[in-house]
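Close look at the chain arrangement
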Amino acid sequence: MSEDKKSGNSKPKDDPAGFHKGLTSYGDSGFSLFLRKAFIKGAGFTDNSLDRPVIGIANTGSAFNPCHGNMPQLIEAVKRGVMLAGGLPMDFPTISIHESFASPTSMYLRNLMSIDTEEMIRAQPMDAVVMIGGCDKTVPAQLMGAASAGIPAIQLVTGSMLTGSHRSERVGACTDCRRYWGKYRADEIDGEEIADVNNQLVASVGTCSVMGTASTMACVTEALGMMLPGGAAPAAVTADRIRVAERTGATAVAMAISGLTPDKIMTGKAFENALRVLLAIGGSTNGIIHLTAVAGRMGIEIDLERLDALGRETPVLIDLKPSGQYYMEDFHHAGGMHALLRELKPLLHLDAMTVTGRTLGEELEAAGPGFKQTVVRPFGDPIYPQGGIAVLRGNLAPGGAIIKQSAADPVLMEHEGRAVVFENLEDLAARIDDDALDVTADDILVLKHIGPTGASMPEAGYIPIPKKLARAGVKDMVRISDGRMSGTAAGTIVLHVTPEAAIGGPLAYVMNGDRIRLSVQQRAIGLLVSDAELAARAKANPVKTPSAERGYRKLFLSTVTQADKGVDFDFLRPAAMTERIPRDRTKD
Ligand code: FES
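A few points on the structure. This structure is a prediction, so every number in the text was calculated from the model and none was measured.

It is at 10 Å that the axes of helix H7 (residues 175-185) and helix H8 (residues 191-198) come closest, and there the two elements cross at 170°. Taken together, the axes of H7 and H8 lie roughly antiparallel to each other. In this structure, H7 contributes Tyr180, Trp181 and Tyr184 to the contact, and H8 contributes Gly191, Glu193, Ile194 and Val197. Split by residue class, the contact of H7 with H8 holds five nonpolar, one polar and one charged.

Structure below.
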C-alpha cells in the first residue's frame, strides 16, 4: 500500500505528504528520508506514527507574552484533537510578540513574525498547520505567513483575559487602563489608587478584554473563515476555549486530507465579510492595516473609498468597550460571533468557504436560532448607526486617513482649529505637559514622524491631553498623526495619515498656528494652507527619510510600505494585485 493510502491522504500519489515531503537536500532523497526517520525515532516515534498526516502547531508561548499564557494547555488540547482524528501533531516555536514588551513597537516585528511563520511552515514537513496567536500583531502575522505558505492552515486564538474589579467597579485592559491613567494625569485619583487599579486591570492570562486589536482580529478571522465557527469569543481560561482548541486540531487533520488551502478560503468575498464585521464590531483601526496586509498577500487590494461606502451601510452592533460598555466574556455569553453574524446576514457573502469545509451560510444555519441578550444589538437598533471607522481624505492626507467615529466625541467631528505641532515622539514627551505650552481645548494636536518609516508606527496616535487641560476637565481634543492607536483607546483621533511625514507627506510641513479643518460628515481632513506655501516649506526644509546601515532595521526601512498597503514589506506582496475589494455594488 502506498504511503498516501495508509495515511488516508487523498492528495495525488506523486505529491509527497507527511514526513515524506520537503526532504532536506543531500542529493539522495532515499538517504534524506532515512536520516529524517532516524532522528525522529530518536525522540521515540514509531513507524506507525510517521505514516499519518502531520499537523504542525505554531507555538507562540513566551514568558514575555502573558497574553499567550495558556499556550501549554491549548497545545495539549490541539494535539489531543489531532490524534483523535488520526493525525500526528508536531509543535514548533516561532517568534512571539507582546504589545508591552516589544521595542520600539510590536508593529516593527509583525512582518518578521510573518516571515518566520511562512518559512517554518514551508521548511518543515507538515500537511496542515494550526497557528496559535492572540496578542495584537501575532494573528495578522500568522495569517500573512499562512497566506504566503499556501498549505492548509487554521487559526486558533488564546482568548480574552477575565475582567477584574477595582473598588467594586468592573475593569479590564486596556480601555480602563487609559481611563484610569487619564484620571491620574488630571489629579482626579492619587498614586495609591493608580497602584491599586494596576493590580486589577489584567485579571488573568489572555488577550485584552475589550474590543481592542486582539479581539478585533479574533472576530474578523472567524468572519474570514480561517477559524472555527465560535472560535473568537471564549475567554482564555475557560473550558470552552480548550474545547475550541481540541476541535481545531481535529479540523486541521480534515483540512490536510481534503487539501483545503488558504486560497480557497481567503477570497475577495471572505475579506468583504471580514471588513463588514470589522465595521460592525466597532473594531480596532489596526484591523484595517492588518486585513490590508493579509489580503495583499493573496493579491487582493482593499479600496479605502469603497470601504467607507461599506461603513455607511453597516451599523455598529456590539456594545463592547471602547465604543460601548461590555467586555469580551459578555460577548461570548451573548452567543459570540454567531449572534453578530445572524444580524449581519443580509450583508454577508454566505457562500464564502470556511475551515470546516462548509460555507459561512451553512455554519450559521447549523448554529440555530439566537436567544435574548443585550450585548449584540438587533440590526435596527444599533449602538452607532454607521460603521465604526470612517475614511478621510484631503490635502493633509492625499493617500487617506481614518478615524474611529464610533469612539469619537460627536461635537468634535466637525471642527476647525489651530494646529499645535509636535515634530516627533521626543518633542511630544518634552513639551506636552509643560504648563507654558500654548494650547487650548479648541486646538488640534498634530504629531509627526510616527508613521511606518518614521518610527515603525507606534500606537502613539492617542496623544495625551496636555496636563494643564486635563486638570481643567478637558477629556477629548482633535488629534492627528501618521501613527496608529490602540484598539482599546477612544477619542476624536485621526490616524494613518498617508503619505507619512518621514517620506515627505504634507503632514511634514504643518506648522504651529496653521488652521486645520476636520469634517467626518464630509470625510475630509484639510490643511488650510495653499499648495504654493506648502511647496515653499518643503523646499526650505526638505525631509530626511530615515535609513539604517545593517540588519533587520535596514530591511524594514528600505522595504516597508505605507498604511494603505498594510505596512507590509514590498517584496512579500505579489508582483501584481488581481482583485480590488470591496466590490462596487452599484455595478452588480
Ligand atoms: Fe496582548 Fe492587549 S496586550 S492583547
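Pairing analysis gives five bridges linking strand S10 (residues 414-422) to strand S14 (residues 515-519), with the strands arranged antiparallel. Residue pairing across strands places Glu414 opposite Ser519, the latter belonging to S14. Of the strand pairs in this sheet, S14 and strand S15 (residues 524-527) are connected by four bridges, and their pairing is antiparallel. In the sheet register, Arg517 faces S15, and the bridge partner there is Gly526.

We now examine empty space enclosed by the protein. Under the counting rule described, the total for this entry stands at three cavities of 30 Å³ or more. As a volume, the largest cavity reaches approximately 70 Å³. Lining the largest cavity, in full, are Ile288, Ile289, Leu304, Gly399, Gly400, Ala401, Ile402, His496, Thr498, Ala563 and Asp564. Going through the elements one at a time, helix H13 (286-297), strand S9 (397-404) and strand S13 (493-498) are the ones with two or more residues in the lining of the largest cavity. Per-element tally for the lining of the largest cavity: the top contributor is S9, with four residues. Looking at the lining of the largest cavity, its residues break down into six nonpolar, four polar and one charged. Of the volumes computed, that of the second largest cavity is approximately 60 Å³. Lining the second largest cavity we find Glu222, Gly225, Met227, Pro229, His338, Leu341, Thr354, Leu360, Glu363 and Leu364. Contributions of two or more residues to the lining of the second largest cavity are made by helix H16 (336-344) and helix H17 (360-367).

Following the sequence through the fold, Lys37 ends up in helix H2 (residues 29-41). Those residues in contact with Lys37, other than ones at most four positions away along the chain, are Asp47 and Leu50.

If you trace the backbone, Cys208 turns up in the loop between H8 and helix H9 (213-224). Once the C-alpha coordinates of Cys208 and Leu162 are considered, the two residues, 46 residues apart in sequence, prove to be 8.6 Å apart. Sequence-distant contacts of Cys208, that is, excluding residues within four places in its chain, are made with Ser160, Met161, Ala173, Cys174, Ser215 and Thr488.

Let's shift gears to a nonpolar patch on the surface. On the surface, a nonpolar cluster with roughly 350 Å² of combined accessible area is contributed by Tyr26, Phe31 and Phe34. Relative to the assigned elements, Phe34 resides in helix H2. Using a relative accessible area of 57% as the deciding quantity, one classes Phe34 as exposed.

All right, on to the nonpolar core then. Within the largest apolar cluster, 100 residues are counted, with the highest numbers of intra-cluster contacts made by Phe271, Val277, Phe331 and Leu340. The biggest single contributor to this core is helix H12 (residues 268-280), with eight residues. Beyond its immediate chain neighbours, meaning those up to four positions away, Phe331 contacts Cys219, Ala233, Ile318, Leu320, Gly336, Met337, Val375 and Val376. Core analysis: the second largest hydrophobic core is formed by 31 residues, Tyr384, Val497, Ala501 and Ala508 among them.

Time to look at helix H5 (residues 106-123). One turn of the α-helix equals 3.6 residues, which is why residues spaced by three or four share an orientation. An ideal rise of 1.5 Å per residue puts 26 Å on 18 residues; H5 measures up with 25 Å between its terminal C-alpha atoms. Among the residues of H5, those classed as buried are Ser106, Met107, Tyr108, Arg110, Asn111, Met113, Ser114, Asp116, Thr117, Glu118 and Ile121. Those residues of H5 hidden inside the fold are in contact with strand S2 (88-93), strand S3 (128-133), helix H6 (138-149), H13 and helix H22 (551-559). For H5, the capping residue at the N-terminal end is Thr105, with a side-chain oxygen 3.3 Å from the backbone nitrogen of Met107.

All told, the structure shown has one disulfide when counted by the stated rule. Residue Cys174 pairs covalently with Cys177 via a disulfide, S to S 2.4 Å. Handedness of the Cys174-Cys177 disulfide follows from its S-S torsion of about -85°: it is left-handed. In this model Cys219 remains outside any disulfide bridge; the closest cysteine sulfur is found in Cys208, 14 Å from its own.

Basis of the calculations
- Residues numbered from 1 in each chain as written.
- Predicted model: local features only at pLDDT ≥ 70, side-chain atom pairs only at ≥ 80, totals over all residues.
- Heavy atoms only, no water.
- Axes fitted to C-alpha atoms, helices over the stretch in contact; angles between N-to-C directions.
- Helix = DSSP H or I, 4+ residues; strand = E, 2+ residues; numbered from the N terminus.
- Parallel < 35°, antiparallel > 145°, perpendicular 65-115°, else oblique.
- Contact = heavy atoms within 4.5 Å.
- Nonpolar A, V, L, I, M, F, W, Y, C, P; charged D, E, K, R; others polar.
- Pairing = 2+ DSSP bridges.
- 1 Å grid on protein atoms, 1.4 Å probe; cavity = no way out; pocket = protein on both sides within 12 Å on 5 of 7 lines; lining within 4 Å.
- Points joined across faces, edges and corners; volume = space filled by probe spheres on them.
- Patch = residues over 30% accessible without salt bridge, like charges linked within 9 Å, V, L, I, M, F, W, Y side chains within 5 Å.
- Areas by Shrake-Rupley, 256 points an atom, 1.4 Å probe, with all protein chains shown as cover.
- Salt bridge = Lys/Arg side-chain N within 4 Å of Asp/Glu carboxyl O.
- Buried < 20%, exposed > 50% of the residue type's maximum accessible area, 1.4 Å probe, protein only.
- Core = buried A, V, L, I, M, F, W, Y, C linked by side-chain atoms within 4.5 Å.
- Expected span 1.5 Å × (residues − 1).
- Polar contact = N/O pair within 3.5 Å; in protein donor to acceptor, adjacent residues only side chain to side chain.
- Disulfide = S-S within 2.5 Å.

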